[in-house]
Amino acid sequence: MSLVLHAGVSDELIAQAHTKKLSDTRYWHLLMHTPHEESEIDDPAFFLAPQGKTDISSELDETIRRFKEDTNRSNESIFCRFPARRAWLEQELNTSFGAGECTDYDALLTKMDPQKVTLVFPSAHINSPASMFGHTFLRIDSSMESKLMSYAINYAAHTEDTNGLLFAYKGLFGGYYGFYSMLPYYEKLKEYRDSESRDVWEYDLNLTHAEVMAMVRHIWELQHINSWYYFFDENCSYHMLWLTEIARPSVHLRDHFFYYVIPPETVRAYEEESLVSEKHFRASKRTKLLSYERQLTPQGLESVRLLAEGKMDKNGLKQMRLRDQELRFVLEAAAELVEYNYIEGKISKENYAVRYHMLLSERAAQGIGDDLPLPSKSNPDTAHHAARVEVAQGWYEQRSPLLLGWRPAFHDLSEDDTGHLSGAQIEFLDTVIGVDHNRVNLEKLTVISLASITPVSHFFKPFSWRMKSGWDRDYGDDRLSFVTRVGAGAAIGDEQLFGYVLSEPEVRLGFNADIGLGFSVGGGINWGNRMKSQIEAGEVLYLDSADRSRITFTHLWQLNPSGALSISYEAMHQEYREDRVRIGANLYF
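Let me begin by describing the structure that accompanies this report. (Residues numbered from 1 in each chain as written. Predicted model: local features only at pLDDT ≥ 70, side-chain atom pairs only at ≥ 80, totals over all residues. Heavy atoms only, no water.)

### What about the packing of helix H6 (residues 103–112) against helix H9 (residues 209–221)?
The N-to-C vectors of H6 and H9 enclose an angle of 135°; their axes lie 12 Å apart at closest approach. By the angle between their directions, the pair H6 and H9 is classed as oblique. Helix-helix and strand crossings are classified by hand; for H6 and H9 the assignment is right-handed. Here Asp104, Tyr105, Leu108, Leu109 and Met112 of H6 lie close against H9, whose contacting residues are Met213, Val216, Arg217 and Trp220. A breakdown of the residues in the contact of H6 with H9 according to their chemical character gives seven nonpolar, no polar and two charged. (Axes fitted to C-alpha atoms, helices over the stretch in contact; angles between N-to-C directions. Helix = DSSP H or I, 4+ residues; strand = E, 2+ residues; numbered from the N terminus. Parallel < 35°, antiparallel > 145°, perpendicular 65-115°, else oblique. Left-handed = near helix turned anticlockwise from the far one by under 90°. Contact = heavy atoms within 4.5 Å. Nonpolar A, V, L, I, M, F, W, Y, C, P; charged D, E, K, R; others polar.)

### Side note on the pairing of strand S5 (residues 200–205)
With respect to burial, S5 is a largely interior element, six of its six residues being buried. Burial of the side chains of S5 extends over both faces: Val200, Glu202 and Asp204 are buried on one face and Trp201, Tyr203 and Leu205 on the other. Here strand S1 (residues 116–122) runs beside S5; their pairing, made up of five bridges, is antiparallel. In the sheet register, Val120 faces S5, and the bridge partner there is Glu202. Direction of pairing for S5 relative to strand S7 (residues 276–282): antiparallel, over a ladder of six bridges. Within S7, the position partnered with Asp204 by the bridge is Glu278. (Buried < 20%, exposed > 50% of the residue type's maximum accessible area, 1.4 Å probe, protein only. Pairing = 2+ DSSP bridges.)

### Remarks on the packing of aromatic side chains
All told, the structure shown has 24 aromatic pairs when counted by the stated rule. Seen from their ring centres, Phe137 and Tyr192 are 5.9 Å apart, and the 25° between their planes marks the pair as stacked. One end of the pair, Phe137, is in strand S2 (residues 137–141); the other, Tyr192, is in helix H8 (residues 185–195), and 55 residues separate them in sequence. Of the two residues, Phe137 and Tyr192, neither departs from the other in class, the shared state being buried. (Phe/Tyr/Trp six-rings, centres within 6.5 Å; stacked < 30°, edge-to-face > 60°.)

### Some words on the pairing of strand S17 (residues 531–542)
Note that strand S16 (residues 514–528) and S17 share 12 bridges and pair antiparallel. The residue bridging Gly528 from the neighbouring strand is Met531, located in S17. Linking S16 to S17, which pair antiparallel, is a turn of two residues; within it Asn529 sits at a positive phi near 55°. Bridge analysis of S17 against strand S18 (residues 548–560) gives 10 bridges, and the strand direction is antiparallel. Its bridge partner being in S18, Ile535 is matched across the sheet by Phe553.

### Let's talk about the sheet that holds S1
Strand pairing in a sheet is mediated by backbone hydrogen bonds. Such pairs are either parallel or antiparallel. What the seven strands build is an open sheet, ordered S6-S4-S3-S2-S1-S5-S7; its pairing is antiparallel. Single-partner strands in this sheet number two, and they are strand S6 (226–229) and S7. When the angles between neighbouring strand axes are averaged without regard to direction, this sheet yields 30°. Strands in contact with H9 are S1, S2, strand S3 (151–157) and strand S4 (176–184); relative to S2, the strand with the most contacts, it is inclined by about 120°. In the packing of helix H11 (residues 263–272) onto the sheet, contacts are made with S1, S2, S5 and S7, and the angle to S1 comes to roughly 145°.

This is the structure we're talking about:
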């Protein structure tokens, strides 16, 4: 009799849901992660109806039926697994599905104490294929003053692959499952800010407590649930958009994107949807140590090195007779460097513990001093947009083409670095066609171009590198060749003024195929006011062809995140000399 009664009540609620067309509402589509007709969740465990992934109306019916009829109300039950669905249906149907014993969920709420939400953006890590565009995740803040014990909500591909090419291929075509994870924020900071030396920006969101709770309920539903991970669209940033729209359905963050989702662009979308209340910056260990370098004298820098290597004790430091404030900075920098070297595996745990404790103790004995002046870095939301359309007029030796370019993503060394990782270049499918006297030519098609120009310093000795693979017309007779080059070298300077030298082996296919060894030297100046100049000279020595020399100069003025003006000059010589000038505009979106 009881089962019949429950079934009757379920049928009434389902009929009421049909009358209100709840399965067609935006919120049910959000809960199901269904942008159109089919859910983007790929794990069968997320669905209760046999065809729930493709028929969210049947999923709604089965959800109501199970909530009402299931007698199991313990931790693993449907009642406890889907608190977001349950809360929404109870509100829309003006009913109650009763009580349960969801002790695991209740314990998490008590431990997490969700009050606010913050969007977190670690900057790009150019040496990791998984992190070339940066990353975004959410932080659920408690009522505690310190945010380090808050919980980070992350989405990432699950992989043990270490081969960069294999990772890129699988990431592009859905070869990995992506999972949500929840862990203390200090662990994520240790990973990004300390281990990978990535600066971190935090964007406090103006969500109400009710909206925060709606997000947390849905996060619980997604535990251990997987979806296929796609590098360019269904990635880490994209899934944070779903969670935020669940919290505040009136925003349409996903509508800002079409064919790809890049982390810095998602930060801008939050700004444009008026979700951001405050911004905070957490400098990486590398940024801090570079700042200490700027504050210390040569004697102070040498003291830091000796202390970090364990070749100087506090008695030796006294003999340096450093000024009080510089002494404080030396001890602070040495402690940071010891910790950095330990993270990098350069010193043992035992040596780290001894040196770090000594440095902190000695620093505490020096009393309160000045704060370390940190550089002012631009927020990622101030950067130019990812996609670029270029319109330019070119003047070459034999022709004067109108140049039309299209680049889906993302940034090159000649462009304004505001909001970007300085010295990094990431370009995909950069395409330029030339129109001249009713003739249309492919001028360039860069499949991929990456660069990391990282200056050496007193504490860091990184190598710089770049690679490019694609077609262009730089090789005599104005004909296309497919070129792949990979090079490495070193750079000096800082974010305002830098120079570099690279050795770049090259393989050329197609017209006049050959292999060669190239050498390049160049530099750049960030003038301020979002203007940047770059100059480079290079020589390539070929096995069979005449050697090729090249000098380039570019100057760009970024008017705003959506537009820039540029001028460039190239002088190339391979059997004969050709000069090229171009003036144009870049439109970003």
